[in-house]
Amino acid sequence: MQSFAYAAPATLAEAMDILASHRRRKLRTQILAGGTDMLVQMRTVDKAPRTIVDIKHLKETNRLAVAAKETYVGSAIPGVTLAANAKLAERHPGLVEAIDLIGSAQIQGRATLGGNLCNASPAGDTIPAIIANRGVCVIASARGSRELAAEKFVVGVGKNALKPGEILLGLKFPRPAKGTADAYLRFIPRTEMDIAVVGAGVSVTLDKTGKCTAARVAIGAVAPTALLVPEAAKALIGSALEPEVLAAAGAAASRASKPITDKRGTADFRRRIVAVLVRRAASIAAQRARGN
Ligand SMILES: Cc1cc2nc3c(=O)[nH]c(=O)nc-3n(C[C@H](O)[C@H](O)[C@H](O)COP(=O)(O)OP(=O)(O)OC[C@H]3O[C@@H](n4cnc5c(N)ncnc54)[C@H](O)[C@@H]3O)c2cc1C
């Protein structure tokens, strides 16, 4: 019989050994980052014994680099550190906006970007923003490492694409092209400390004349997983983002959504609000891009 245990490996090799040896013995492990989702779940829905593997002491999960070609955000870095990084906020303002919305200052002292993605909640705030920023997951296991586009990482409610023995080491984002900016908006019925009823992350690239040459639109809390909506991006590309174009992108996002009705909102309400948020987020991203 397995009991609860806690391991805090100091190196990635040590973490891999712990995961591999538990797998060989058919013993369960679970990765701990900030614990803001996990500890709640341990007290409610998942009380089964296992070995908790804390990844906060690894070099690879603590690396933060806003470099010439790409941005790298280690999976154990708390939101408070990310939100305070001026270079990150300048390069990916919508992503930082999404991080900054998570919980309270206390929650952000622990909560990580990687944990928000791995937890795979349909309402996870950073997930649409990660997708809009062309995020790529860097995944390690004893067999080596692999990369996966963020839009393919979440595969269902609370389910991600990690295989047994794998750890999300961090997220890579290509440096946005000149004239690119992003924005993230969510709707909640309160002013804070609530989860998204609808979320929208949009990135646009404008040329010198103000024409949109590239776009990414991702929506959250309106389907079992956050969705990349190419039809909404298509509506934006080639235009000067006139009001009717923004409305068309919103309508495309609404058509792509597959919302449910729950205590936070009806499916019909969500379909309407996602159109509004996509329109507004695209407009904010465009304003930012004009300033870039
Ligand atoms: C009061 C409160 C308010 C909140 N408000 C919001 C909000 O406004 N918006 C929102 O989106 N969320 C919110 N959350 C949820 C939570 O804070 C976030 O999802 C947070 O980003 C999770 O990060 P973490 O590091 O704490 O993850 P953890 O709890 O450590 O992990 C979450 C899950 O991911 C797995 N995991 C974590 N990191 C890795 C990794 N690197 N590799 C493999 N698996 C991993 C864990 O095993 C676990 O299953 C709130 C939570 C609380 C308690």
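See above for the structure.
Right, let's walk through the structure included here. Remember, predicted model here, so these are calculated numbers, not experimental data.

### A word on the sheet that holds strand S4 (residues 64-66)
If you trace the five strands from one edge of the open sheet to the other, you get S4-S5-S10-S6-S7, paired in antiparallel fashion. Only two strands of the sheet have a single neighbouring strand rather than two, namely S4 and strand S7 (144-149). With direction set aside, neighbouring strand axes in the sheet form an average angle of 25°. Here five bridges tie strand S5 (residues 70-74) to strand S10 (residues 167-174), and the two strands are oriented antiparallel to one another. By the bridge assignment for S10, glycine 74 is matched with glycine 170.

### Here's the deal with the nonpolar core
The nonpolar side chains of soluble globular proteins are, as a tendency, buried together. Formed by 83 residues in total, the largest nonpolar core has its most connected members in Val204, Val217, Val229, Ala253, Val278 and Ala282. Not counting residues within four places of it along the chain, the set of residues in contact with valine 229 comprises Val217, Ala218, Ile219, Ala252, Ala253 and Ala256.

### Quick word on the packing of helix H10 (residues 243-256) against helix H11 (residues 267-291)
For the pair H10 and H11, the least separation of the axes is 8 Å and the interaxial angle reads 140°. With respect to each other, H10 and H11 are oriented oblique. When the axes of H10 and H11 are compared, the crossing they make is right-handed. In contact with Leu246, Ala247, Ala249, Gly250, Ala251, Ala253 and Ser254 of H10, H11 contributes Arg271, Val274, Ala275, Val276, Val278, Arg279, Ala282 and Ser283. Of the residues belonging to the contact of H10 with H11, the class tally is ten nonpolar, three polar and two charged.

### Regarding the pairing of strand S2 (residues 29-32)
Side chains Thr29 and Ile31 of S2 all project onto a buried face; the interleaved residues Gln30 and Leu32 project onto a face where none is buried. With four bridges joining them, S2 and strand S3 (residues 51-54) adopt parallel strand pairing. Within S3, the position partnered with isoleucine 31 by the bridge is valine 53. Viewed along the sheet, the connection from S2 through helix H2 (residues 38-43) into S3 turns out right-handed.

### Remarks on the environment of proline 189
Within the element layout of this structure, proline 189 appears in the loop between strand S11 (180-187) and strand S12 (198-206). In sequence terms proline 189 and phenylalanine 173 are 16 residues apart; their C-alpha atoms lie 31 Å from each other. Apart from the residues within four sequence positions on either side, proline 189 is in contact with Asp194 and Val197.

What counts and what doesn't
Residues numbered from 1 in each chain as written. Predicted model: local features only at pLDDT ≥ 70, side-chain atom pairs only at ≥ 80, totals over all residues. Pairing = 2+ DSSP bridges. Helix = DSSP H or I, 4+ residues; strand = E, 2+ residues; numbered from the N terminus. Axes fitted to C-alpha atoms, helices over the stretch in contact; angles between N-to-C directions. Core = buried A, V, L, I, M, F, W, Y, C linked by C-beta atoms within 7 Å. Buried ≥ 20, exposed ≤ 12 C-beta atoms within 10 Å, placed from the backbone. Contact = placed C-beta atoms within 7 Å. Parallel < 35°, antiparallel > 145°, perpendicular 65-115°, else oblique. Left-handed = near helix turned anticlockwise from the far one by under 90°. Nonpolar A, V, L, I, M, F, W, Y, C, P; charged D, E, K, R; others polar. Right-handed = clockwise from strand over helix to strand, strands pointing away.

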